[in-house]
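# Analysis of the macromolecular model
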Amino acid sequence: MSIDEPSTVSCAAPETEQVLSVAEAQQRILSSLPPLTAQETVGLYDSLGRITAHAVRAPRDVPPFDNSAMDGYALRGTDLPAEGERELRIVGTVLAGKPYDRVVDAGECVRIMTGGVLPEGTDSVIMQENVIRYDDIAVIRAGHKTGEHVRHAGEDIAQHDSVIAAGKRLGPADLGVLASLGFTHCEVLRRPRVAYFSTGDELRPVGEPLSTGCLYDSSRYTLYGLLQQLGVIPIDLGIVPDQRQALRDTLLRAAAEADVVVSTGGVSVGEADFVRDTLGAVGEIHFWRVGMKPGRPFAFGRIKRTWFFGLPGNPVSTMVTFLQFVQPALRHLMGEQRTQTYRLRVPCVSPLNKTPGRMEFQRGILESDADGHAVVRSTGMQGSAILSSMSKANCFIVLPAACGDLPAGALVEVQIFTLL
Ligand code: AMP
Ligand code: MG
């Protein structure tokens, strides 16, 4: 580790420095960041993963007309026999997109396919499996109800309904809903620009040979993935050496280009003052100890109008602090209503080791057991440098500060990684 100037300030956080809980740190961050308000209009394909700028109201009914839910025969409910059977004359055929243009009278019916417009006069559909047909005669038995197998206009979405809320991350079904309403475009919120870089003299970019004591910079790739998945505009600022001037230049460049800047490394005990000094010179820095494992310490602040997150360098700590602090903050900044991923309580089939004192985010695999019940198991070794644990995991096992070792079968809280 080489830092170009010696630090005069103690590296460790002072004993008196307050240790924040994860919830307090999250709350402080969220209350600092006002959501972006600038809007843009994008085509439907480009709206996937974007955040709605306002609630979407339905300009029309979906479906737009009463139609058949089955392949069968459309008829008048008043023609249904109360007992025995009844013969109706088949007067036509309705295919999806090919309506029947006359009124169906009493004693008549039409052959109709799923999605076909219910002809005027009819109000019920009898499944073809329940009808006996001779030439143009359909024999209907007793036991059917008026209104059977009909999908009514507006039963999915009624005209003027607010069908998609403001601040919603648009998923595949939302694109379909927008298309079903005839929208070609959608108004969404601007995507924040997020610059990110790794710090460390030991880091090498992939594609270069490794000399003794060096390792490949993995965190820039995980950060890229996390940012891309969130739908922000990632700006890769590369690897920055452990030098004040280089860090200072990078931070100022990031502040000029981005809404948010995320760094990794150089905030752990031993380098804390390096980060504090450099950031203090160009912006405003809140250096926190958060009662969590992995992940402390962690820095948050701003440089001019750009928000800054300084994440710890151990690759698992980088991901944990990103997911606990940066991701909710970015979702909030993006105008998304939901900022946290889902949490649920399930039994853990592995015994867990934990020392009471800090909240822990252990890596878990949520799956179903032989009976189809949700359970979680540990990914194994939990060190903050075991990045493969994050690769295996699909959730965190969130253990409260006071919790100690847990036997197999204990009920635990898991936080799943998926955004929606
Ligand atoms: P630091 O927080 O800078 O003291 O880094 C803590 C540990 O994480 C050290 O062992 C670093 O080599 C390692 N580390 C820091 N940044 C990265 C990175 N981008 N990729 C892989 N390992 C890293
Ligand atoms: Mg470092």
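Residues numbered from 1 in each chain as written. Chains lettered and ligands numbered in written order. Predicted model: local features only at pLDDT ≥ 70, side-chain atom pairs only at ≥ 80, totals over all residues. Heavy atoms only, no water.

### Some details on the sheet that holds strand β8 (residues 124-127)
Pairing is mixed across the open sheet formed by six strands, whose spatial order is β8-β5-β7-β6-β10-β9. Each of the sheet's edge strands pairs with one partner strand only, and the pair in question is β8 and β9 (131-134). Neighbour-to-neighbour, the strand axes of this sheet turn through a mean angle of 35 degrees, independent of strand direction. (Pairing = 2+ DSSP bridges. Helix = DSSP H or I, 4+ residues; strand = E, 2+ residues; numbered from the N terminus. Axes fitted to C-alpha atoms, helices over the stretch in contact; angles between N-to-C directions.)

### Examining unusual backbone geometry
Each neighbour pair has its own omega, and for Val-62 with Pro-63 the value is -5 degrees, a cis peptide bond. Within the secondary structure, Pro-63 is located in the loop between β3 (56-57) and β4 (67-68). Of note, the bond from Lys-293 into Pro-294 is cis; its omega dihedral lies within 30 degrees of zero at -10 degrees. Turning to its location among the elements, Pro-294 is positioned in the loop between β20 (292-293) and β21 (298-303). The phi angle at His-149 is positive, at roughly 55 degrees, despite the residue not being glycine. A relative accessible area of 26% places His-149 in the partly exposed class. (Buried < 20%, exposed > 50% of the residue type's maximum accessible area, 1.4 Å probe, protein only.)

### Some details on the pattern of salt bridges
Per the counting criterion, the structure on display carries 13 salt bridges. Across the pair Arg-89 and Glu-108 runs a salt bridge whose closest N-O atoms are separated by 3.4 Å. Of this pair, Arg-89 sits in strand β6 (residues 85-94) while Glu-108 sits in strand β7 (residues 108-112), placing them 19 residues apart in sequence. Put simply, Arg-253 and Glu-257 hold a salt bridge, and the shortest N to O gap is 3.1 Å. On the criterion of helical spacing, the pair formed by Arg-253 and Glu-257 is a turn pair, its members being four residues apart in helix α4 (residues 244-257). Taking the relative accessible area as the measure of exposure, Arg-253 reaches 44% and is therefore partly exposed. Among the ionic contacts, a cluster of salt bridges with common partners joins Arg-169, Arg-331 and Glu-336. (Salt bridge = Lys/Arg side-chain N within 4 Å of Asp/Glu carboxyl O.)

### Points about empty space enclosed by the protein
If you walk through the whole model with that rule in mind, you get three cavities of 30 Å³ or more. Forming the boundary of the largest cavity are Leu-323, Gln-324, Gln-327, Pro-328, Arg-331, Thr-339, Gln-340, Thr-341, Phe-396, Gln-415, Ile-416 and Phe-417. Of all elements in the fold, only α6 (315-333) and β27 (411-416) reach the threshold of two or more residues within the lining of the largest cavity. Counting residues per element, the lining of the largest cavity draws most heavily on α6, at five residues. When grouped by side-chain class, the residues that make up the lining of the largest cavity number five nonpolar, six polar and one charged. When residues of the lining of the largest cavity are assigned to domains, at least three fall in each of domain 1 (22-38 + 191-333) and domain 4 (343-419). In this structure, the second largest cavity occupies an estimated 60 Å³ of space. Phe-197, Thr-199, Leu-247, Leu-251, Ser-263, Gly-265, Val-267, Phe-274, Val-275, Leu-279 and Phe-308 are the residues that line the second largest cavity. For the lining of the second largest cavity, the elements supplying multiple residues, two or more each, are β14 (193-199), α4 and α5 (272-282). With three residues, the top contributor of residues to the lining of the second largest cavity is α5. Tallied by class, the residues present in the lining of the second largest cavity amount to eight nonpolar, three polar and no charged. (1 Å grid on protein atoms, 1.4 Å probe; cavity = no way out; pocket = protein on both sides within 12 Å on 5 of 7 lines; lining within 4 Å. Points joined across faces, edges and corners; volume = space filled by probe spheres on them. Nonpolar A, V, L, I, M, F, W, Y, C, P; charged D, E, K, R; others polar. Domains from an automatic or database assignment.)

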